[in-house]
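# Descriptive analysis of the structure
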Amino acid sequence: MKVVAAYLLAVLSGKASPTSADIKDILGSVGCETEDSQIELLLKEVKGKDLCDLIAAGREKLASVPSGGGGVAMASAPSAGGGGGAAPAADAKKEEKKEEKEESDDDMGFSLFE
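So, here is what we can say about the structure in this document. Keep in mind it's a predicted model, so treat the numbers as computed, not measured.

What counts, and where the lines are drawn
Residues numbered from 1 in each chain as written. Predicted model: local features only at pLDDT ≥ 70, side-chain atom pairs only at ≥ 80, totals over all residues. Heavy atoms only, no water. Helix = DSSP H or I, 4+ residues; strand = E, 2+ residues; numbered from the N terminus. Contact = heavy atoms within 4.5 Å. Areas by Shrake-Rupley, 256 points an atom, 1.4 Å probe, with all protein chains shown as cover. Patch = residues over 30% accessible without salt bridge, like charges linked within 9 Å, V, L, I, M, F, W, Y side chains within 5 Å. Salt bridge = Lys/Arg side-chain N within 4 Å of Asp/Glu carboxyl O. Axes fitted to C-alpha atoms, helices over the stretch in contact; angles between N-to-C directions. Parallel < 35°, antiparallel > 145°, perpendicular 65-115°, else oblique. Left-handed = near helix turned anticlockwise from the far one by under 90°. Core = buried A, V, L, I, M, F, W, Y, C linked by side-chain atoms within 4.5 Å. Buried < 20%, exposed > 50% of the residue type's maximum accessible area, 1.4 Å probe, protein only. Nonpolar A, V, L, I, M, F, W, Y, C, P; charged D, E, K, R; others polar.

### Describing the overall build of the protein chain
A count of helices and strands for the protein chain gives six helices and zero strands. Starting at the N terminus, the α and β elements of the protein chain follow one another as α-α-α-α-α-α. Pairs at least 24 apart in sequence give 46% of the contacts found in the protein chain among residues at least 6 apart. Carbon and sulfur atoms make up 59% of the accessible area of the protein chain, which totals about 9400 Å².

Structure follows, in structure tokens:
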């Protein structure tokens, strides 16, 4: 990932096709080390391609990846049972108030400013 980030920084700095030395200079400036094989693999894969086209293709691939849909379905499942979702919420509020009260009792019977 750091090699890709260095490549993108080199392109943004004005170099249309960064070299291995450009990427190494960027990574070296922040104290990162990387293998030459990683840099060469990246340069081989992006050779002759436009950066905007690569990003657009990546967006299309990411659009098909499911992201975070499972949590919503699970949260809505108990409420479909016919109003059973309100009772746990009330219990949670009571527990929060109870915990707050317990925490306030931690003064050990004296006040710091008395």
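So that's the structure; there's more coming.
### Observations regarding a nonpolar patch on the surface
A contiguous nonpolar patch, built from Met1, Val4, Leu8 and Ile55 and spanning about 390 Å² of accessible area, is present on the exposed surface. Among the secondary structure elements, methionine 1 is positioned in the segment before helix 1 (2–12).

### Quick word on the packing of helix 2 (residues 20–29) against helix 3 (residues 36–46)
Geometry of a packed helix pair, given as the angle between the helix axes and the separation of the axes. Between helix 2 and helix 3, whose axes approach to 10 Å, the crossing angle comes to 130°. As the angle between them shows, helix 2 and helix 3 are arranged oblique. You can see that helix 2 and helix 3 cross each other, and the crossing is right-handed. Listed contacts from helix 3 to Ser20, Ile23 and Lys24 of helix 2 are Asp36, Ile39, Glu40, Leu42 and Leu43.

### Let's talk about the nonpolar core
Counting 11 residues, the largest nonpolar core is built from Val3, Ala6, Tyr7, Val11, Ile23, Leu27, Ile39, Leu42, Leu43, Val46 and Leu51. The set of elements that each furnish at least two residues to this core consists of helix 1, helix 2 and helix 3.

### Some remarks on the packing of helix 1 against helix 2
Between helix 1 and helix 2, the least distance of the axes is 9 Å, while the angle of their chain directions is 110°. Regarding the angle of helix 1 to helix 2, the classification is roughly perpendicular. In contact with Lys2, Val3, Ala6, Tyr7, Leu9 and Ala10 of helix 1, helix 2 contributes Ile23, Ile26 and Leu27. Of the residues in the contact of helix 1 with helix 2, the class split is eight nonpolar, no polar and one charged.

### Overview of the pattern of salt bridges
Inspection of every chain in the model, using the stated rule, returns two salt bridges. Here aspartate 22 ties to lysine 15 by a salt bridge, and the two come within 3.3 Å at their closest N and O atoms. With relative accessibility at 39%, the residue lysine 15 sits in the partly exposed group. Among the salt bridges present, the one from aspartate 36 reaches lysine 24, with a minimum N-O distance of 2.7 Å. Placement of the pair is aspartate 36 in helix 3 and lysine 24 in helix 2, with a sequence separation of 12 residues. Judged by its relative accessible area of 36%, lysine 24 falls in the partly exposed class.

Just geometry here; none of it tells us what the structure is for.
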